[in-house]
Amino acid sequence: MERTVEVELISEIASHLASGTTTRLAEPKHVPVDELVSDERVTAEANKLFSELPVVVTPSAAVREPGDFVVEQLYQLPLLVVRDSDGTARVFANICRHRGNTLCVESSGNAKVFTCEYHAWSYGLDGQCRSMVDAESFTGVDATQNGLVEYPSEERHGLIWMLPQRGGDLDVRSWLGDKLDDELADYTPHAAHVFRYEATEVDFNWKFGVNTFQELFHLTYLHKNSLDGAFFGNRATFHPFDPHSRVIAVRNTFPEILTQPEDEQALLPHTATIYTLFPNTVLVWQIDHLEIWQLTPMPDDPYRSVARLWLLTETETTTEGAQRHWQQNWDITRRVVFDEDFVAMKRIQSNLRSGALDGIVYGRNEPGLQHFHDQISANLS
Ligand code: FES
Ligand SMILES: [Fe+2]
């Protein structure tokens with residue numbers, strides 16, 4: 001984050017604390033329930049947003065060495081992410097070209113070659129078809145034309161991005177915009193190691209999962225016991241970087257900044273900085289580590305999702321003390337989000353699907369939610 005931006009944000013937060021305010025939009029927004037949970041809408045969103053827009057697939061740190069791979073799922077598209085022998089990260093459809101079986105059935109690992117368990121066609125780290133068993137039975141079938149289907153991908157800011165369109169052009173800087181791209185660049189070194197990763201199926205549409213991180217005045221209520229007053233509730237900042245956004249949650253240590261000389265004031269130790277990378281990835285900066293949350297619709301049911309969580313650190317965890325420290329962070333994050341936020345999200349979806357309400361309302365103090373909803377609508381039209 002540029003120093004001028006940091007200084008502006010510090011001053012904005014100080015003024016919110018002094019006047020008891022938060023970033024507010026001009027009006028509350030009334031949202032019809034149909035725009036949140038109708039079959040037509042959730043299906044259209046899943047089909048469109050997860051087939052046309054650039055998305056984060058996994059952190060670079062999940063595939064650090066040549067041969068490292070992870071298997072992921074982007075809605076209905078099964079993916080195999082591999083670091084090839086040149087060090088390039090590549091994103092393939094995890095589908096064998098012979099008869100369409102799933103190629104790699106392990107969730108992660110290191111490989112020199114991928115061999116399909118059905119009839120043993122094999123593929124190199126570059127996706128090229130290396131062997132067809134009983135080649136004589138496939139006369140005229142050209143191995144060089146039967147490599148894995150590869151999607152456009154780019155590594156940027158410690159993340160591997162893809163475009164789920166074969167032959168499309170991916171330019172992450174232009175997708176993020178210059179300002180957000182510059183801001184995220186500073187965080188890359190902090191995302192060097194994956195401490196832990198988990199994918200969990202949850203019983204609500206992916207949007208509700210993203211909503212969890214987009215307003216912070218619930219911290220004082222829903223999390224009153226678990227977060228123990230660590231944050232000011234209704235004092236957050238919001239800034240759009242269309243279609244993405246940034247909200248900043250203010251820790252209760254923030255007033256200490258104001259006693260320091262101006263050139264020593266630092267935002268990061270006294271806030272949690274939260275980026276929504278549209279549509280479905282959320283980066284949360286927590287003082288000394290980065291959490292990445294990602295919510296993706298289940299392939300066969302957009303009212304259910306996969307919630308992915310990565311906890312990333314700057315240095316490798318090699319000591320017992322560090323292991324304990326990061327594990328504690330993992331446990332707190334997981335407990336707060338899964339046991340409190342996601343419980344509420346499951347209830348919200350169920351209640352909205354009941355037909356009892358025609359609509360809900362996003363307050364002026366929930367700009368992240370208003371903005372996110374508007375961006376989804378804009379991308380559907
Ligand atoms: S489907 Fe993969 S080798 Fe036959
Ligand atoms: Fe929360």
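Residues numbered from 1 in each chain as written. Chains lettered and ligands numbered in written order. Predicted model: local features only at pLDDT ≥ 70, side-chain atom pairs only at ≥ 80, totals over all residues.

## Some remarks on the pairing of strand β19 (residues 301-313)
1) Next: Counting buried positions over the 13 residues of β19 gives ten, a clear majority of the element.
2) Next: For strand β13 (residues 193-202) and β19, the ladder comprises nine bridges, and the chain directions are antiparallel. Of the residues in β19, the one forming a bridge with Glu 198 is Leu 309.
3) Next: In this sheet, β19 lies alongside strand β18 (residues 289-298) in antiparallel orientation, the contact comprising nine bridges. The residue of β19 that forms the bridge with Thr 296 is Val 306. (Buried ≥ 20, exposed ≤ 12 C-beta atoms within 10 Å, placed from the backbone. Helix = DSSP H or I, 4+ residues; strand = E, 2+ residues; numbered from the N terminus. Pairing = 2+ DSSP bridges.)

## Description of the sheet that holds strand β16 (residues 271-277)
1) Next: Sheet architecture is open: seven strands sit in the order β13-β19-β18-β17-β16-β15-β14, paired in antiparallel fashion. Whereas interior strands pair on both sides, the edge strands pair on one side only; in this sheet they are β13 and β14 (231-241). The average undirected angle you get between the axes of adjacent strands in this sheet is 15°.
2) Next: Note: β14 against strand β15 (residues 244-251), seven bridges, orientation antiparallel. Its bridge partner lying in β15, Phe 232 is registered against Val 250.
3) Next: Helix-sheet contacts for helix α1 (residues 3-19) involve β14 and β15, and the interaxial angle to β14 is about 140°.
4) Next: Running at roughly 165° to β19, helix α7 (residues 320-353) makes contact with β13, β18 and β19 of the sheet. (Axes fitted to C-alpha atoms, helices over the stretch in contact; angles between N-to-C directions. Contact = placed C-beta atoms within 7 Å.)

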